[in-house]
Amino acid sequence: MGLIGSILGLLGFGVGISFGIVIGYFLFIYVQSSDVEEPKIRPLAERDTESLLGLLPEIPLWVKNPDYDRVDWLNKLTEYMWPYLDKAICKMVKNMVKPIIAEQIPKYKIDSVEFETLTLGSLPPTFQGMKVYSTEDKELIMEPSLKWAGNPNIMVAAKAFGLKATIQIMDLQVFASPRITLKPLVPSFPCFANIFVSLMEKPHVDFGLKLVGADLMSIPGLYRFVQEMIKDQVGNLYLWPRTLEIPILDPAKAMRRPVGTLHVKVLRAAKLKKKDLLGASDPYVKLKLTEDKAPLKKSTVKQKNLNPEWNEEFNLVVRDPQTQKLELRIYDWEQVGKHDKMGMNSVDLKDLPPDETKLLTLDLLKTMDTTDAQNDKSRGYVEIEVTYKPFNEKEMRKEYGDSTTVASAPEGTPAGVGALVVIIHEAQDLEGKHHNNPSIRVIFRGEEKRTRTVKKSRDPRWEEEFQFILAEPPNNDKLRVEVYSTSARNLLHPKELLGFADVSLADVVSNKRINQKYNLIDSKNGKIQIELQWRAASSS
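Criteria and cut-off values
Residues numbered from 1 in each chain as written. Predicted model: local features only at pLDDT ≥ 70, side-chain atom pairs only at ≥ 80, totals over all residues. Heavy atoms only, no water. Helix = DSSP H or I, 4+ residues; strand = E, 2+ residues; numbered from the N terminus. Buried < 20%, exposed > 50% of the residue type's maximum accessible area, 1.4 Å probe, protein only. Areas by Shrake-Rupley, 256 points an atom, 1.4 Å probe, with all protein chains shown as cover. Pairing = 2+ DSSP bridges. Axes fitted to C-alpha atoms, helices over the stretch in contact; angles between N-to-C directions. Contact = heavy atoms within 4.5 Å. Patch = residues over 30% accessible without salt bridge, like charges linked within 9 Å, V, L, I, M, F, W, Y side chains within 5 Å. Salt bridge = Lys/Arg side-chain N within 4 Å of Asp/Glu carboxyl O. Lys, Arg positive; Asp, Glu negative; His and termini not counted. Charge placed at Lys NZ, Arg CZ, Asp CG, Glu CD. Polar contact = N/O pair within 3.5 Å; in protein donor to acceptor, adjacent residues only side chain to side chain. Phe/Tyr/Trp six-rings, centres within 6.5 Å; stacked < 30°, edge-to-face > 60°. Lys NZ or Arg CZ within 6 Å of the ring centre and 35° of its normal. Core = buried A, V, L, I, M, F, W, Y, C linked by side-chain atoms within 4.5 Å. Expected span 1.5 Å × (residues − 1). Bend = angle between axes of the 7 residues up to and from the residue. pLDDT = per-residue confidence, 0-100.

(A) Looking closely at the overall build of the chain. A tally of helices and strands in the chain yields eight helices and 26 strands. Taking all 540 residues of the chain together, 37% fall into the buried category. Of the roughly 33000 Å² of accessible surface on the chain, 56% is carried by carbon and sulfur atoms.

The structure is reproduced here in structure tokens:
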């Protein structure tokens, strides 16, 4: 009886469980509670501030502040590049910290301090938004909002008095708002010469610190003390206006700005070979610097003379004395037809000692290739005096580090001699009646310089630079800048004046540098941005 009762009890339990599951399934599917309300969907605009903050505790800056732009692309790029950036940054940190540690540890009688482990972890920082400023100087200013809750593993081992202590830094959090300035902008990749980094406010830094497996941050009072100390130390070093400067390029070479002048005096030539069948030749000299788009300098023509004397002086602007050469070519002038080459040669500027006049006698060659067998034949020679006068290096560093200063001309330069530098940046709101293909003509003391033509633009940008070598300061001179539009298709109005500006140079001489916008005369709203620099001889 007991066995039968047990069997019936098991069967009843199985049947009851099965019947209960079936009844529960049908009730769950087909019976709905009347207490459940449909969710109400409301626009975010109807929410108040508190409910919004409750829904979105981490609102990005590009939502709260219209000055900030979204940088999702940058976060995605950082995410993909983070494994490689981790290794590169750790390597750079080791190289930067190593000499600092070597200099400091003797003061505290520590034998060594080394990184046992250094990795930034797998979680990259995120940018909440970025603000970009535009200025009239050659610079780009960015202010990203950076948040990083990383999982780095940094272990530093210190040895002293035969003992070893290992400190581990982990669970790092950094919230910062740096200002990153790229300046000056240059026409050589990566298109900026220096990076300046500063903090607009003290950063928030939080991390875990372990010593021999024990959490040091759990010690009462130590956590807040370490946090405040880090904020103060970082603030003292990099809080704006203090900056961290990271040099990328030599700005003088990258911008290809003038770094000096080359004074050339063409004395004479001798034993020239005549090119004319009847009578002697009519020689003249052309000279220029390589890697320079400036017009050629040309001497006078000496009629029917194979041993001419010129005694003529020329000044050339030097941009890179390590790579540039002075090229001289002597031609036989012809009234009709092509002028015949009588010979040529070159001088490496890197071989010229600064501020020292050298008398050179150059054999004339057939080609500039010194290994060419054709150069073995005698073609005469030319005598010149050359003096390379570099600009003062200290002043050059000031110029490229601080956009408000300008380099001086070299010492020993005759009083008053200097270079007037004109940089045409851009124009705005140009309005042509028939076409808008603007170009600039710069006129100074009868000498003209021209920019390229920008087609179909009311707001063209040139970023072109011109130099005028002067024997005296332009105290009472004016610079004429004219904006023209040209069109080959418009036969009735092929050329149109869009406006002009007359710029007084007295302020440039006294201030050394001016960078501002000028209203164009004969233009409704047109403006042009011009940068002027005066590099005078330094007074001894």
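(B) Examining the sheet that holds strand β17 (residues 357-363) more closely. The four strands lie next to each other as β14-β11-β18-β17, forming an open sheet whose pairing is antiparallel. Taken across any chain shown, the strands that pair with only one partner, and hence form the sheet edges, are β14 (309-318) and β17. Neighbour-to-neighbour, the strand axes of the sheet open up by a mean angle of 25 degrees, direction not taken into account. Bridge analysis of strand β11 (residues 260-270) against β14 gives eight bridges, and the strand direction is antiparallel. Pairing of Val266 across the sheet is with Glu312, part of β14.

(C) Here's a closer look at the environment of Ser504. When you line up the elements, Ser504 lands in strand β24 (residues 495-504). Leaving out residues up to four positions away in the same chain, Ser504 has contacts with Asp477 and Lys478.

(D) Summary view of a positive patch on the surface. Residues Lys271, Lys273, Lys275, Lys338, Lys341, Lys366 and Lys377 make up a contiguous surface patch of positive charge. Counting through the fold element by element, Lys271 comes out in the loop between β11 and β12 (283-289).

(E) Expanded view of the side chain of Arg319. By the secondary structure assignment, Arg319 is in the loop between β14 and β15 (325-332). In this structure the side chain of Arg319 is engaged in a polar contact, spanning 2.9 Å, whose partner is the side chain of Gln467.

(F) Here's a closer look at the pattern of salt bridges. Summed over the entire model, instances satisfying the criterion amount to 20 salt bridges. Here Glu327 makes a salt bridge to Arg329, at a shortest N to O gap of 3.0 Å. Given the relative accessible area of 22%, Arg329 is considered partly exposed. The structure contains a network of salt bridges with shared partners spanning Arg441, Glu448, Arg450, Arg480, Glu482 and Asp502.

(G) Spotlight on unusual backbone geometry. Of the consecutive residues Lys183 and Pro184, the connecting peptide bond is found in the cis state with omega at -15 degrees. Along the chain, Pro184 falls in strand β6 (residues 178-185). Of note in this structure, Asn311 is not a glycine but carries a positive phi near 55 degrees. Within the secondary structure, Asn311 is located in strand β14.

(H) Structural context of the packing of aromatic side chains. Considering all chains together, one arrives at three aromatic pairs under this definition. A centroid spacing of 6.0 Å and a plane angle of 65 degrees characterise the contact between Trp82 and Trp148, whose relative ring orientation is edge-to-face. Separated by 66 residues along the polypeptide, Trp82 in helix α4 (residues 72-104) and Trp148 in strand β3 (residues 140-149) bring together distant segments of the chain. Given a relative accessible area of 11%, Trp148 falls into the buried group. Between the NZ or CZ atom of Lys183 and the centre of the ring of Phe196, over which it lies, the distance is 5.4 Å.

(I) Inspection of the environment of Tyr388 at higher detail. In this fold, Tyr388 is placed in strand β18 (residues 381-390). Those residues in contact with Tyr388 that lie beyond four places of it in its chain are Val259, Gly260, Thr261, Leu262, Val318, Pro321, Leu352, Pro353, Pro354 and Asp355.

(J) Summary view of the nonpolar core. Core analysis: the largest hydrophobic core is formed by 29 residues, its most contacted members being Leu420, Val422, Ile424, Leu479, Ile528, Ile530 and Leu532. Sorting the residues of this core by element identifies β19 (418-428), β20 (438-444), β22 (461-470), β23 (478-486), β24, α8 (506-511), β25 (513-519) and β26 (527-536) as the ones contributing at least two each. Contacts of Leu532, omitting those with residues within four sequence positions, involve Val421, Val422, Leu479, Val503, Leu505, Val508, Lys512, Arg513, Ile514 and Tyr518. Counting 27 residues, the second-largest nonpolar core is a separate cluster that includes Val266, Leu326, Leu364 and Tyr388.

(K) Looking closely at the environment of Gly162. Secondary-structure assignment places Gly162 in the loop between β4 (153-160) and β5 (163-176). Measuring from C-alpha to C-alpha, the distance between Gly162 and Asp111 comes to 8.6 Å, with 51 residues separating the pair along the chain.

(L) Representation of the sheet that holds strand β13 (residues 297-298) within the structure. Spatial ordering of the open sheet is given by β13-β12-β15-β16, a layout of four strands whose pairing is antiparallel. Both edges of this open sheet fall to β13 and β16 (340-348), since each of them pairs with a single strand only. Where β12 meets β13, two bridges bridge the pair, whose relative direction is antiparallel. The residue bridging Lys286 from the neighbouring strand is Lys298, located in β13.

(M) Spotlight on α4. Helix length check: α4, at 33 residues, gives a terminal C-alpha distance of 42 Å against a target of 48 Å (1.5 Å per residue), a shortfall beyond 12%. Taking the largest bend as the criterion, α4 deviates by roughly 65 degrees, centred on Trp82, and proline Pro83 comes between one and four positions later. Next to the buried residues of α4 lie β1 (112-119), β2 (126-133) and β3.

(N) Spotlight on a nonpolar patch on the surface. On the surface, a cluster of nonpolar side chains totalling about 980 Å² of accessible area is made up of Trp73, Leu77, Tyr80, Met81, Tyr84, Leu85, Ile89, Met92 and Met96. Looking at the secondary structure, you find Met96 in helix α4.

(O) Structural detail: the side chain of Glu426. Looking at where Glu426 falls in the secondary structure, it is placed in strand β19. Here the side chain of Glu426 touches Arg461 through a polar contact of 2.7 Å, side chain to side chain. With residues near it in sequence (within four places) discarded, Glu426 still touches Pro460, Arg461, Trp462, Lys517, Lys527, Ile528 and Gln529.

(P) A look at the confidence of the model for the chain. Considering every residue of the chain, the mean pLDDT works out to 79; 79% of them sit at 70 or more. When pLDDT is averaged over each element of the chain, β20 comes out on top at 92 and helix α7 (residues 393-401) at the bottom at 48. With pLDDT under 50 throughout, residues 397-415 is counted as low confidence; its partners more than four residues away or in other chains account for 56 contacts.

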